Amino acid sequence: MTQEKSFQGVVIKSTGSLYTVQTADGQRYPCVVKGNFRIKGIRSTNPIAVGDYVVFDKPQGAQQGIIKELLERKNYIVRRAANLSKQVHVVAANIDQAILVVTLKEPETHLEFIDRYLATAEAYRIPAVLVFNKCDIYLPEEKKTVRQCMELYQRIGYPCLETSAEKKINIEAFRQLLAGKTSLLSGVSGTGKSSLINAVEPQLNLKTAPLSSYHHAGVHTTTFAEMFPLSFGGYIIDTPGIRGFGVIDMNKNEIFHFFPEIFKAARDCRFYNCLHIQEPGCAVIEAVRKGEIAWSRYRSYLSIYEDKNEKYR
Ligand code: GDP
Ligand code: ZN
């Protein structure tokens, strides 16, 4: 008998049954899962996702390696499985930051889309950053609007960065933002996600088809996320077909926890169970009235509360 030796690595690609595991030295191994990975608290269609740290045995000869253990996740994002209502699909795990690429025109990113994204990131406990791309395209008046928008979010505590992938403005700052971290990159299609990545890492082409080599036709219609290692350290998680996070179930009476400035103002509400809709003595409504909380933010809160506007998810 040969003595088996276990290694640790991170899953950078998953196609349902076959995983690519990368070790610290950059080596990659095709692996399968052995046994049953039941994760406490969630019912997921996939036991292991991109970003997961695992213990595995290296492939022997022509065989695949074997994933034996899943290390604890610091966070993970899910989407609902297509057919089974209670089950979720784990899209990715251990995300250091969620970067939303935003443009206020060509295409327009709606403020409500931004707010839903940020609230979802809060719910998942993933730090969020806004990158305002295409800063070269705005007329002076529009530029003012962009700056006001950045100030709005910076005041709440979200770091904002203005970039142009086209004119190579702040690309070094964007690279520093990514360096050494695992980042989820999101945004409405056309905002310049691929262009920004290409600006810092020309040899990576995010436009390439998400699945190619390992796909088993007919097994799943889901497209799987993939993690791209960056030459300067860190990874980009590409989630095909997801503009934001997708859907997360938020408890109606805790939605305001995911709007940091609303949560803060809520400490002064008269009623401890105030939901900031129309209660007397609501400090949130008062702060909106005084302009201390942006009307657009409050409106987004109401929209999520009322469960409207599926299209902004
Ligand atoms: P994605 O769908 O978010 O990946 O967006 P792409 O990277 O494919 O960019 C969409 C379009 O916007 C392309 O035609 C890019 O050339 C253009 N684009 C991307 N970034 C910028 C920018 O900073 N300024 C300008 N003017 N155009 C940009
Ligand atoms: Zn209130």
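Rules of the game
- Residues numbered from 1 in each chain as written.
- Chains lettered and ligands numbered in written order.
- Predicted model: local features only at pLDDT ≥ 70, side-chain atom pairs only at ≥ 80, totals over all residues.
- Heavy atoms only, no water.
- Helix = DSSP H or I, 4+ residues; strand = E, 2+ residues; numbered from the N terminus.
- Buried < 20%, exposed > 50% of the residue type's maximum accessible area, 1.4 Å probe, protein only.
- Contact = heavy atoms within 4.5 Å.

Here the residue pair E106 and P107 is connected by a cis peptide bond, since its omega of 0° sits within 30 degrees of zero. Assignment of secondary structure puts P107 in the loop between β8 (97-102) and α1 (111-124). Positive phi, normally seen in glycine, also occurs at K134, with a value near 60°. Checked against the element boundaries, K134 lands in the loop between β9 (128-132) and α2 (140-156). Even without a glycine there, the phi angle at K168 is positive, about 55°. Relative to the helices and strands, K168 resides in the loop between β10 (160-162) and α3 (171-178). You can call K168 exposed: its relative accessible area is 53%.

Of note, L185 is situated in strand β11 (residues 182-186). The buried category is assigned to L185, whose relative accessible area is 6%. Sequence separation of L185 and A98 is 87 residues, and the distance between their C-alpha atoms is 6.2 Å. Aside from chain neighbours lying at most four places away, what touches L185 is I99, V101, F174, K193, I197, I236 and I237.

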